[in-house]
Structure formats: C-alpha cells, structure tokens
Amino acid sequence: MMKNLLDFARAANRILSLLVLAASFAACKAQPGIMKFSSGQPQPQAVVNSSDGYVQNSYADLVGRVSPAVVTVHSTERARAAQQFPFFDDPLFRDFFGDRMPQQQPPQRVEGLGSGVIVNPDGYILTNHHVVDGAIEIRVELTDNRTFNAKLVGSDPPSDLAVLKIDARNLPVLPLGDSNKVRVGDVVLALGNPLGIGQTVTSGIISAKGRATGLSDGSFEDFLQTDAAINRGNSGGALVNTNGELVGINSQILSPSGGNIGIGFAIPSNMARAVMDQLLKAGKVRRGMIGVTIQAISADLAASLNLPAARGAIVSSVQPGGPAERAGLKRGDVITAFNDQAVADSNSLRNLVASSAPGAEVTLTVFREGREQKLKVTLGELPVKARQEGDEGANGESAGGGRFGLTLEPLTPDMASRLGLSGSDQGLVVSQVDPAGPGADAGIRQGDVIQEVNRQPVRTAADFNSAITRSGSRPALVLINRRGNVVYLTLRPRS
C-alpha cells in the first residue's frame, strides 16, 4: 500500500512539472525570444535555444542597436624633438662648428587614438577634449570601415569634452539619456576601441555617482563611476544603459598600472549635453561664478560651526567687489543649498554654479551664526582660464602653542612681503611645526599665517591662547592665510 502511494506521488509531481514547462513555452511563443521582468528598467533578453530549451541572458540585440553610433577617433599631433643645442643661431657657435654644425631634428608626428559617439545624424560627434587636444589632423572611422576627416567644432578643457563634425548624413545616433536618473547598481555597457584592437563592448554596473578625481583640466567633475572595463583608447566612448541611451562619455580610469582594475569614470550625459549645446551655438562654454573660495566641510569643521551635519561648502574668502560680496555673503558662511537644491559638498556646489548661465539670479541658502538665511546672487562669468570656485583643503596653532607643536611669531611687514602677503595683513606666522604635534595633524605648515581662531582675530600669543581656551573640548576653527590662499582648518588638542 505504501509503495503504491509513493508511486502515485511521483507520478503527480511529474505531471505538475510538465504543466509548468508547457505554460512557460506558451509564454515564450506569445513573445518569441523575450522573457519579461517586473523591474522598471529593461533587463537582458532571455533567448530560448529551441533545440534544448536552455535559456541564456544576452545583450546582443542591445549592442547591435548602439554599436554603429560609436566611432574610433584618430588624431595626429605635431611634437618637436628635444632641442639639444639651444644656441644654434649664435654666430660664435656657427664659426666653431662650420659645416659640421649639428642638424635640428624635423618635427615629429605623434598619432593618438580614442573613441567618440555620434549624437546627430548629420555628423556631429562627442568625444573627450584630451583625445583631440593639440591635433593638427583628426580622422573618424565608422564601424562600417568608412573614414572621414573631422573638423573640431569646439573643445572645453574644464569638462574634458569636445565636439567634432564629419561630412556625412543619415548616420546612426545614440540618444542622450538623463544621467540624473541613473542609480548606483544600474547595469551599463561601455563601448569604444581600447588599445586599438577594434570596437569592444564590456559590461558592469554604476559603482558610484558624483565622483571627483582632480585629474581634469578645470575640474568641473561629476563623474559616474563604473566597473565596466575601460582601457586606453576607450576615452570618448559611450557608456549606455539597458534602454540603449547614452548616459556617459568614458573619460578616465584609476589604475596604478595603466590598465583596467574596475575603477573607471564617465562624464554624465546631462553635463555633456549642456557643454555640447554651448559649443555648437557659440564655440565656447560660458559658466556662472559667485566669486568665492570654498572648501569641503569635515566632521571637525561641522562640530566647530555647530552644523547639524557635515554637508555643504564653507566660504573661506570672498572676492572683493564680486557677486557674492554684493549679495552679502561673508567669510565663514556655509552654503547648504543652491536654488533650494541641497549642496552635498564643495564639488557639487561648483558644478551647480558652473552649469548656470552668467547673469542668472540664484538663491543661496546660507548657515550663519546658528541660523539659516537666503541670499539672492546675480552670477558673474567665470573667466575662461580661471579655475572653478576654489577648493582649498587643509587642516591647524602658537608661540604659546607648545601643546599644539607650533611656534608662532607676530607677522611683521617684512615677513608679509616675503610670504607674498600685503602690508595690511595681520596674524601669527608659524615659524616651526613639530611633525608629531596636533598642529601638523591638522595640516598647518611652516610659513602659514594664523589670522583668526574661532572667528576672533589673533595678533599675539595671548590672543591665540585665549581663543583656543574658549573652544573647550570642541576642535578650534582656525583661519589660515597660506601665501594668499585663505582656508579654514580645525585644530584639536590631544588629550
């Protein structure tokens, strides 16, 4: 009896499995070759091998759609060999050498390689500035092996972007997606021509957003970080999402060896779109400016300023007569929002200001003396060769500052002149720093001038000690003038 029951159970289980398999094949027949997922973002196609029913994930159809719009960019640059005889034109040397005068080497031609993305069917291509920087000739090779001479429409070193134009029509294009909607963990594909081996596709995810590497020319950086393999030659290539949209222009890698280690960076498509539009209209990019130097908020700075969180950007100096000064912004203010958009750090504030047009009126939310207030600022225009609103990091003490490992002296006019400061500057000069002391830990250097402690001007050792004492157990907020660059540091005594 027990054996019959077991046989019956096995038979019923086998019938149930067949019914489930039949239902699965019916669904696949209704939509051949595609299995739908409930996620809001399209997933890799699940292709059914009809011979054995095996289901495998594939990006083949997606790659087939987007790859024709990714091109190879060849650039030719003239590089002059090192000049070994700098006095060739001096008659004395010509008399000495006569006909045996060494000959200058002719200019050499250096070939560069990168990638690009067709963003307009009439031949407009996005790539990196560093791919075409200094090029005297640019050629673009399509995936169908056609090659065109390209003209540089415009280039923007601060964002590392450039726009090229080739004489062609009805080209395949990659639509630009909204990089603000990209999420950490989203699947992406990187396309380009790494190391000149030919077009290559790699896959990965978005590893992080809002990255700054400090390697770009003007460093308006808001990189998407990805672990999709990126190598030399991928620069200027495409980072696409599973909708087949361009979400980034591959730009940099972080690597001790020069090869991929899974840390690559792409310029977000929204930044690329804004730069491209300006390059197409005017051939250059205009950026807003508020006229301040800013730095990041550390945990110690937040504690010194009684901030609720270590977010925002602190103003370490205000440009005289600039937009910020006219609006009432002061040194020591912490900017926490730009047009009601929260400011996470100094880098995000830089990008928000730079993406706004000169002349625009913006609202800054400022934390000052324990209260938030809003200031209206009419943006100026950032000079083309100027760096962004500065990020001057550092971290710092007194003649009575032995417990901080610092030796301080009153600033004299002669010292000020040697340090590149004006005669009106006042404070205490750091003449010695104990490498093992708290001052060195804070980032104070020899030659720094301490001008304020906890917002109080200091001119003598007594001023310094009094202000430090009032800090109690909290880190002291110290204003440093370092050869004309003004930064806030936090100085914490050791217990």
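Note that the structure is a prediction, hence the values are computed from the model and not measured.

K.L.:
Lay out the overall build of the protein chain with the relevant residues and their values.
P.N.:
On a plain count of helices and strands, the protein chain comes out with 11 helices and 28 strands. For the protein chain, the exposed area adds up to about 25,400 Å²; of that, 51% sits on carbon and sulfur atoms.

K.L.:
Could you give an account of the pattern of salt bridges, naming the residues involved and the relevant values?
P.N.:
Across all of its chains, the model carries 10 salt bridges by this definition. Note that K374 is salt-bridged to D340, the shortest N-O span being 3.0 Å. Taken together, the residues span a long stretch of sequence, with K374 in strand 21 (residues 371-378) and D340 in the loop between strand 18 (334-338) and strand 19 (341-342) at a distance of 34 residues. What makes K374 exposed here is its relative accessible area of 52%.

K.L.:
Got a sec to walk through helix 8 (residues 346-354)? Specific residues and values, please.
P.N.:
Across the 9 residues that make up helix 8, a large majority, 9, are buried. Restricting attention to buried positions, one finds in helix 8 the residues S346, N347, S348, L349, R350, N351, L352, V353 and A354. The N-terminus of helix 8 is capped by D345, whose side-chain oxygen sits 3.2 Å from the backbone nitrogen of N347.

K.L.:
So what about the sheet that holds strand 14 (residues 264-268)? Which residues, and what values?
P.N.:
Pairing between sheet strands relies on hydrogen bonds along the backbone, with the strands arranged either parallel or antiparallel. The antiparallel closed barrel is built from 6 strands, whose spatial order is 9-10-11-14-13-12. For this sheet, the mean inter-axis angle between neighbouring strands, taken without regard to orientation, is 45 degrees. Pairing of strand 12 (residues 238-241) with strand 13 (residues 246-253) involves 3 bridges; the strand directions are antiparallel. The residue of strand 13 that forms the bridge with A238 is I249. The strands touched by helix 5 (residues 269-282) are strand 13 and strand 14; relative to strand 14, the strand with the most contacts, the crossing angle is about 50 degrees.

K.L.:
Kindly report on the packing of aromatic side chains, identifying the contributing residues and their values.
P.N.:
Here the structure, examined in full by the defined rule, presents 1 aromatic pair. A ring pair is formed by F223 and F265, whose centres lie 5.7 Å apart and whose planes are at 50 degrees; its orientation type is tilted. Placement of F223 in strand 11 (residues 223-226) and of F265 in strand 14 is noted, with a sequence separation of 42 residues between them. Accessibility assignment for this pair places F223 and F265 in one class, buried.

K.L.:
Please give an account of unusual backbone geometry that cites residues and values.
P.N.:
Positive phi, close to 75 degrees, is recorded for N145, a residue that is not glycine. Along the polypeptide, N145 turns up in the loop between strand 6 (135-141) and strand 7 (147-156). Note on N145: relative accessible area 62%, which makes it exposed. Phi at N339 takes a positive value of approximately 50 degrees, unusual for a residue other than glycine. With respect to the helices and strands, the residue N339 is situated in the loop between strand 18 and strand 19.

K.L.:
Go over the environment of I314, please, and point to the residues and values.
P.N.:
Tracing the backbone through its elements, the reader meets I314 in strand 17 (residues 313-318). When the C-alpha positions of I314 and L301 are compared, they lie 9.0 Å apart, and in sequence the two are 13 residues distant. Not counting the four nearest positions on each side in its chain, I314 is found in contact with T293, I294, Q295, A296, I297, L305, G332, D333, V334 and Y488.

K.L.:
Explain the nonpolar core to me, using residue names and the numbers behind them.
P.N.:
Ranked by size, the top nonpolar core spans 42 residues in total, and within it V140, I166 and L174 carry the most contacts. Among all residues touching L174, those that are not within four sequence positions of it are V66, A69, V70, V117, I118, V119, A238, V240, G244 and L246. In terms of nonpolar packing, the next biggest core, distinct from the first, is built from 20 residues, I290, A327, L329 and V353 among them.

K.L.:
For the environment of N234, give the residues involved together with the corresponding values.
P.N.:
For N234, the position within the fold is in the loop between strand 11 and strand 12. Counting along the chain gives 121 residues from N234 to L113, while the straight-line C-alpha distance between them is 8.7 Å. Each residue touching N234, except ones within four places of it in the same chain, is listed here: S115, L191, G192, N193, P194, A229 and N250.

K.L.:
Break down the pairing of strand 25 (residues 449-453) for me, citing the residues and quoting the values.
P.N.:
For strand 25, the tally of buried residues reaches 5 of 5 residues, placing the bulk of the element in the interior. Bridge analysis of strand 24 (residues 428-433) against strand 25 gives 2 bridges, and the strand direction is antiparallel. From the neighbouring strand, V429 faces strand 25, where its bridge partner is V449. In this sheet, strand 27 (residues 476-482) lies alongside strand 25 in antiparallel orientation, the contact comprising 4 bridges. Across the sheet, the residue bridging to V453 is V478, located in strand 27.

The rules we used
Residues numbered from 1 in each chain as written. Predicted model: local features only at pLDDT ≥ 70, side-chain atom pairs only at ≥ 80, totals over all residues. Heavy atoms only, no water. Helix = DSSP H or I, 4+ residues; strand = E, 2+ residues; numbered from the N terminus. Areas by Shrake-Rupley, 256 points an atom, 1.4 Å probe, with all protein chains shown as cover. Salt bridge = Lys/Arg side-chain N within 4 Å of Asp/Glu carboxyl O. Buried < 20%, exposed > 50% of the residue type's maximum accessible area, 1.4 Å probe, protein only. Polar contact = N/O pair within 3.5 Å; in protein donor to acceptor, adjacent residues only side chain to side chain. Pairing = 2+ DSSP bridges. Axes fitted to C-alpha atoms, helices over the stretch in contact; angles between N-to-C directions. Contact = heavy atoms within 4.5 Å. Phe/Tyr/Trp six-rings, centres within 6.5 Å; stacked < 30°, edge-to-face > 60°. Core = buried A, V, L, I, M, F, W, Y, C linked by side-chain atoms within 4.5 Å.

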